[in-house]
Amino acid sequence: MNGVRDRIRFGASAALAALVATALIRTDAPAQQGGEDLPRPPYRIEEIPTPPGQVPETGGIDFLPDGRVVAVFHHGEILIYDPKSSEWSVFATGLHDPLGVVVINEREMIVGQRPEVTRVVDTDGDGKADLFETISDEFGMSGNYSEFLHGPIMAADGSLYFSLNTASNNGPVRPIIRGDYSPRGRIGRMFSAVEYRGWVMKITPDGKTIPWASGFRSPNGLALDREGNLFVTDNQGDWLGTSKLFHVQPHGFHGHPPSLAWEEGITTIPLAIPVPVLDRMRVKEIVQFPTGVLANSPTQPVFDYTGGKFGPFEGQMFVGEMNHPVIMRVMLEEVNHQLQGAVAPFIEGEPLRLGSNRLAFAPDGSLWVGHTDHGWLGAEGITRIVWTGEMPMEILRMNLTEHGFDLTFTKPVDRQVASQAATYDFQRYYYEYSINYGSPQHDKQPVAVEDVQVSEDGRKVSLRLAELVPGYVYELNLKGLVDAEGNPMVNTRIYYTLNQLKQAGAAAPAYQATGTEE
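Residues numbered from 1 in each chain as written. Predicted model: local features only at pLDDT ≥ 70, side-chain atom pairs only at ≥ 80, totals over all residues. Heavy atoms only, no water.

**Structural notes on the packing of aromatic side chains**
- Under the defined criterion, the tally for this structure stands at 25 aromatic pairs.
- Ring centres of Phe303 and Tyr305 lie 5.6 Å apart, and the angle between their planes is 5°; on these two criteria the pair is classed as stacked.
- According to the relative accessible area criterion, Tyr305 is partly exposed, its value standing at 27%.
- On the basis of an interplanar angle of 10° and a centroid distance of 5.9 Å, the ring pair of Phe405 and Phe426 is categorised as stacked. In this pair, Phe405 sits in strand E32 (residues 404–409) while Phe426 sits in strand E33 (residues 424–430), placing the two residues 21 residues apart along the sequence. Of the two residues, Phe405 and Phe426, both sit in the buried class.
- Through a chain of ring-to-ring contacts, the aromatic side chains of Tyr43, Phe310, Phe313, Phe318, Phe346 and Phe361 assemble into a single cluster. (Phe/Tyr/Trp six-rings, centres within 6.5 Å; stacked < 30°, edge-to-face > 60°. Buried < 20%, exposed > 50% of the residue type's maximum accessible area, 1.4 Å probe, protein only. Helix = DSSP H or I, 4+ residues; strand = E, 2+ residues; numbered from the N terminus.)

Set out below in structure tokens:
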């Protein structure tokens, strides 16, 4: 069992005291963006010690009602951590590559394993699971190493959602498989030779498994908002010019073709469908994560519903990332009845590690991050991020207008600097939708700022741009902007995915990223 003891106590020894003392890391050193020193965000990053002998490749995090942490690890363990005593205990072992956990209560959890979604129960109350019950295994397995199961997550009505990774042509299809085999789906760099690879699946409260949406490549992150909207991240690669965030549409096709082999009514080879046809069929992403400069492999999204315990970003989304030491913040809005929005770095650079694979908010409002590498670029362990109470100088919201963007800040800006067009360096570009692996930034052009208006209270800046073109990412770099007291921005970059233009006289949107100002 990888050296994990049944009960591991850290808090009682002097050695542990030293360990914990060295594990707490303050984020008071300056960060850098584009070679420029920036202040650290007012968030404290703590490293949580894991049991000796444990391989801390974290696949899932959730919380018991009393605040204890439930973590699952790739090597098959479910462990429980008590932050008050710094004790770990073992709830279950022997699972197969779990990449998600949902806590029902202190004696029952639901785990996503590679071959199934499983109910894990402690029936006799001794603190250890003794019942492992299959909830769903209604999908295929070819034995390919890349056929991960991400999730599940649970909706308010008790439904479960999980996603099925496609297989990789860097690995084989084994002689013995589970389920039907499709030669049509086997074609491609990332492929879907067995049922529902590249799909998001739903399990209804009465236990029925439904193929819910297709067209995903490596959908390593699912989240639900309070309204029940389902969001999934997908990693850049073939058919994904850059990594993306989708607002999942039931029974919709989201762009990666091999999964269409399992779509009723499609009998042709998915990769033989002309690209323009696929482009018209697909559900467009609502946010693009620029490859290389921000993220390569986005992971778990999570909404801040902490009621202000995590700072001014209530209602906004945070997303992890494997290849870069960054956690991103997503600001969504509704335009023409569709969601789209902006993404910006939230915490970037050391001491945050790579491999931020799973994110979850604790009852106390702190953000817990489970790291993994598992053969990929990444890191291991668990990190806790705590807001210090100081208000960061950040863009709180970026909203599209008819002629440009409104930027709302967490604090009043310096009016003199904010009134200058040169403060706002815009560029726009697009990523091509094609069979190729990734895409360069096409048609990259600067966009002139024609007018700047600063609101009377100094919290909002309205920008009129020379052009707004749908289908492009609008990248903004702020040059020298400070707050009214001269404090610089924590982050100076933001990227808006422009799918829809705002129409004159349009009704107020029903969906809006919120956040709170100082």
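**Considerations on unusual backbone geometry**
- The amide bond that connects Gly151 to the next residue, Pro152, takes the cis arrangement and shows omega of 15°.
- Along the chain, Pro152 turns up in strand E14 (residues 149–154).
- The phi angle at Asn336 is positive, at roughly 55°, despite the residue not being glycine.
- Its place among the elements puts Asn336 in the loop between strand E26 (326–335) and strand E27 (338–348).
- Although it is not a glycine, Asp443 adopts a positive phi angle of roughly 50°.
- Examined against the element boundaries, Asp443 turns out to sit in strand E34 (residues 442–447).

**Things to note about the pattern of salt bridges**
- A complete count under the given rule lists 23 salt bridges for this structure.
- One salt bridge connects Arg44 with Glu46, and the closest N-O pair in it is separated by 2.8 Å.
- Residue classification places Glu46 among the buried residues on the basis of a relative accessible area of 9%.
- The salt bridge involving Arg493 is made with Glu348; its shortest N-O contact spans 2.8 Å. With Arg493 in strand E38 (residues 493–498) and Glu348 in strand E27, this residue pair connects regions lying 145 residues apart in the sequence.
- Of the residues examined, Arg493 reaches a relative accessible area of 13% and is grouped as buried.
- Taking the relative accessible area as the measure of exposure, Glu348 reaches 21% and is therefore partly exposed. (Salt bridge = Lys/Arg side-chain N within 4 Å of Asp/Glu carboxyl O.)

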